[in-house]
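Spelled out from the first residue to the last, the chains are:
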Amino acid sequence: MDLRIFTEPQQGATYDTLLTVAKATEDLGFDAFFRSDHYLRMGGADGLPGPTDAWITLAGLARETERIRLGTLMTAGTFRLPGVLAIQVAQVDQMSGGRVELGLGAGWFEEEHKAYGIPFPKERIARLEEQLAIVTGLWATEVGKTFDFHGTYYQLADSPALPKPAQRKVPVLIGGHGAVRTPRLAARYADEFNIPFASVEDSERQFGRVRAAAAEAGRGADELVYSNALVVCVGRDDREVARRAAVIGREVDELKANGLAGSPAEVVDKIGRYAAIGSRRIYLQLLDLDDLDHLELISAQVQSQLS
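Remember, it's a predicted structure, so these values are computed and weren't measured experimentally.

*Asks:* Looking at this model, I keep getting lost on unusual backbone geometry. Mind explaining?
*Replies:* Note on backbone geometry: most residues besides glycine have negative phi, and most peptide bonds are trans. The omega angle of the peptide bond from Leu 73 to Met 74 is -25°, so this bond is cis rather than trans. Positionally, Met 74 belongs in the loop between β3 (69–72) and β4 (75–76). The residue after Leu 162, namely Pro 163, is reached through a cis peptide bond having omega 0°. Counting through the fold element by element, Pro 163 comes out in the loop between β7 (155–159) and β8 (172–175).

Dropping the structure here:
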């Protein structure tokens, strides 16, 4: 079971804060540092000092880390043209020495689009399908050849399909709860399928849909990695769990029901339940980015038991 750290900087974080967490992620032996791709806070957070761009952040971290994988859960397809996104990701992959992964989704948070003047089209899933075809197609085109695409929403002609990533193939993550189109897109384009904030039972059902879609598409179901994203709140005792829950504005019982919360033993046990239904990676949604002791505790008493 790989443990990856997943941050939500739109809730309030500077680049320096993210760099500190990313370096701690690397030093403490976690597999990867991922971040969301949002421009507007959610809920009661103040969002100060303001949003940071996901791919600019990852470009900086690519030069200031050495080992950890770097990626997004999920890049919003509404924010970037697919040809431009392919260039950005390939460049950051080069800057990192081949450590980047692309989570790509349709985009869903209409308010942030209104706040920053970003179009919010109705046909986002259909657009996502074309975006996936374009990004992966550009990367797969041989050097010296050109790439063309004639879709409903995007047209590319005589693209040199450059630059290329450092990796032979940048892993692509697709995720979500959709019962039909999401599994179909994952079966066609994904190296990893991620389901966010879902119970063991709901995860098992969705993994089953993706496995069935993969088989229908002629892929082996185990060609994909299956993963979960879950909020994390671990404490050495009940008082520490309650303190950490209060800082992020959540109730302990709710966190235990819907995330990974409690003592290290409780969290290890629950992770085991996800592993039993085929999850191979957990993205730990870390909401208090100033609490590095939390990361150290997870590394010492949770991750160490899963190695």
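*Asks:* What's the story with the packing of aromatic side chains in this structure? I'm lost.
*Replies:* Any two aromatic rings considered together are summarised by their centre-to-centre distance and by the angle between their planes. Considering all chains together, one arrives at six aromatic pairs under this definition. Ring centres of Phe 34 and Tyr 283 lie 5.0 Å apart, and the angle between their planes is 75°; this geometry places the pair in the edge-to-face category. Of this pair, Phe 34 sits in strand β2 (residues 32–35) while Tyr 283 is found in strand β12 (residues 281–286), placing the two residues 249 residues apart along the sequence. The class of Phe 34 is buried, set by a relative accessible area of 0%. Relative to Phe 79, the ring of Tyr 39 lies with its centre 4.6 Å away and its plane at 25°, an arrangement referred to as stacked. You can see Tyr 39 sitting in the loop between β2 and α2 (54–64) and its partner Phe 79 sitting in the loop between β4 and α3 (82–96), a full 40 residues away along the chain. Considered together, Tyr 39 and Phe 79 belong to a single accessibility category, that of buried residues. Among the aromatic residues, ring-to-ring pairing joins Tyr 39, Phe 79 and Tyr 116 into one connected group.

*Asks:* Which parts of the structure should I look at to understand the nonpolar core?
*Replies:* Side chains that are nonpolar tend, in soluble globular proteins, to be buried together. Within the largest apolar cluster, 76 residues are counted, with the highest numbers of intra-cluster contacts made by Trp 55, Leu 102, Trp 139, Leu 284 and Val 302. No other element matches helix α5 (residues 124–140), which puts seven residues into this core. Excluding residues within four positions of it along the chain, Val 302 makes contact with Leu 3, Val 234, Pro 264, Val 267, Val 268, Ile 271 and Leu 297. Of all hydrophobic cores here, the second largest spans eight residues; its members include Phe 34, Leu 73, Ala 229 and Tyr 283.

Rules of the game
Residues numbered from 1 in each chain as written. Predicted model: local features only at pLDDT ≥ 70, side-chain atom pairs only at ≥ 80, totals over all residues. Heavy atoms only, no water. Helix = DSSP H or I, 4+ residues; strand = E, 2+ residues; numbered from the N terminus. Phe/Tyr/Trp six-rings, centres within 6.5 Å; stacked < 30°, edge-to-face > 60°. Buried < 20%, exposed > 50% of the residue type's maximum accessible area, 1.4 Å probe, protein only. Core = buried A, V, L, I, M, F, W, Y, C linked by side-chain atoms within 4.5 Å. Contact = heavy atoms within 4.5 Å.

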